[in-house]
Amino acid sequence: MADIAGTFQLGPDAGRVLIKTGRAGLAAKAGHDLTIEITRWSARVVVPADAGAAGAEITAELDLGSLAVREGTGGAKPLTDKDRGDIKNSARKILGDQSASFTSTRVIPASSGSGSGSVSGGAIEGTLALNGRSQPVRLQVTSPAPGRYRGGATVRQTDFGITPYSGFFGALKLRDEIGVEFEVGLDRATGG
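Residues numbered from 1 in each chain as written. Predicted model: local features only at pLDDT ≥ 70, side-chain atom pairs only at ≥ 80, totals over all residues. Heavy atoms only, no water.

## Points about the pattern of salt bridges
Quick note on the threshold: Salt bridge criterion: a side-chain nitrogen from Lys or Arg within 4 Å of a carboxyl oxygen from Asp or Glu. Helix and strand assignments follow DSSP, with helices taken as H or I runs no shorter than four residues and strands as E runs no shorter than two, numbered in order from the N terminus. Exposure is judged per residue with a 1.4 Å probe applied to protein chains only, and the accessible area is read against the type maximum: over 50% gives exposed, under 20% gives buried, and values in between give partly exposed.
The full count for this structure, using the stated rule, is 14 salt bridges. Close ionic contact of Arg148 with Asp187 constitutes a salt bridge, the shortest N to O distance being 3.9 Å. Within this pair, whereas Arg148 is found in strand 11 (residues 148-156), its partner Asp187 is found in the loop between strand 14 (177-185) and strand 15 (190-191), the two being separated by 39 residues in sequence. Assessed through its relative accessible area of 21%, Arg148 is described here as partly exposed. A salt bridge links Arg150 to Glu183; its shortest N-O distance comes to 3.6 Å. Of this pair, Arg150 sits in strand 11 while Glu183 is found in strand 14, placing the two residues 33 residues apart along the sequence. Look at the salt bridges and you will find they share partners, linking Arg148, Arg150, Glu183 and Asp187 into a network.

## Remarks on the sheet that holds strand 15
Which entries qualify depends on this criterion: Paired strands are those between which DSSP finds at least two bridges. In this description, contact between two residues means that some pair of their heavy atoms is separated by no more than 4.5 Å. Axes, fitted as lines to C-alpha atoms, cover a helix only where it is in contact. Angles between the N-to-C directions of the axes lie from 0 to 180 degrees.
Pairing in this open sheet of 12 strands is antiparallel, and the strands run 7-4-2-14-11-10-9-8-6-5-1-15 from one edge to the other. Edge strands, defined here as strands with exactly one partner in the open sheet, are strand 7 (67-73) and strand 15. Relative to strand 10 (residues 133-145), strand 9 (residues 120-130) runs antiparallel, the two sharing 11 bridges. Among the inter-strand pairings, Ile124 is bridged to a residue of strand 10, identified as Leu139. Across the face of the sheet, helix 1 (residues 81-95) comes into contact with strand 4 (33-38) and strand 7 while running at roughly 125 degrees to strand 7.

## Quick notes on the environment of Phe102
Inspection of the secondary structure assignment puts Phe102 in strand 8 (residues 99-109). Residue class for Phe102 comes out buried when judged on its relative accessible area of 8%. Remark: the alpha-carbon pair of Phe102 and Glu125, spanning 23 residues in sequence, is separated by 9.7 Å. With sequence-adjacent residues up to four places away left out, Phe102 is seen in contact with Ile58, Thr59, Ala60, Ile124, Glu125, Gly126, Thr127, Leu128, Val137 and Leu139.

The values reported here are purely geometric and, on their own, carry no functional implication.
This is the structure we're talking about:
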């Protein structure tokens, strides 16, 4: 981000935000590990010219009513369209149509590696607000190419007062920890 300055508006045209779930319980083999995309989201990145990446401010709004199941791995049988619909309905019952928001408090750029082709990045610390609760979150970030960023964090649902999904009388459960991942390109953002 050292060479990038300006205000960037990001959304689904500029990248993706994914949720990765895992299974637990006695019937875990029957369920699927899921990749779910948040299809409606927006983010704003402000990088001041005089402070570089360390002075960047990032905010994001995630519409949890826009979840779309993209992939299901494992399980006793392949994931069907009916399963995708059932999963979306279960998520809506648990989450409703609420949104989550993220506000950075600190950006920690990685020290520059020597040589071309090196991957840079760092971390973004901030606050995630969801379900009426706020918790600190640290996103680990890499930059595989100029203006392109990938990152993620692990979030515990119970930290936000959310009871993880459970089925088959508790024999199949969603793990409390879920992965949140993003990939964005500032070159596809508006502004700058």
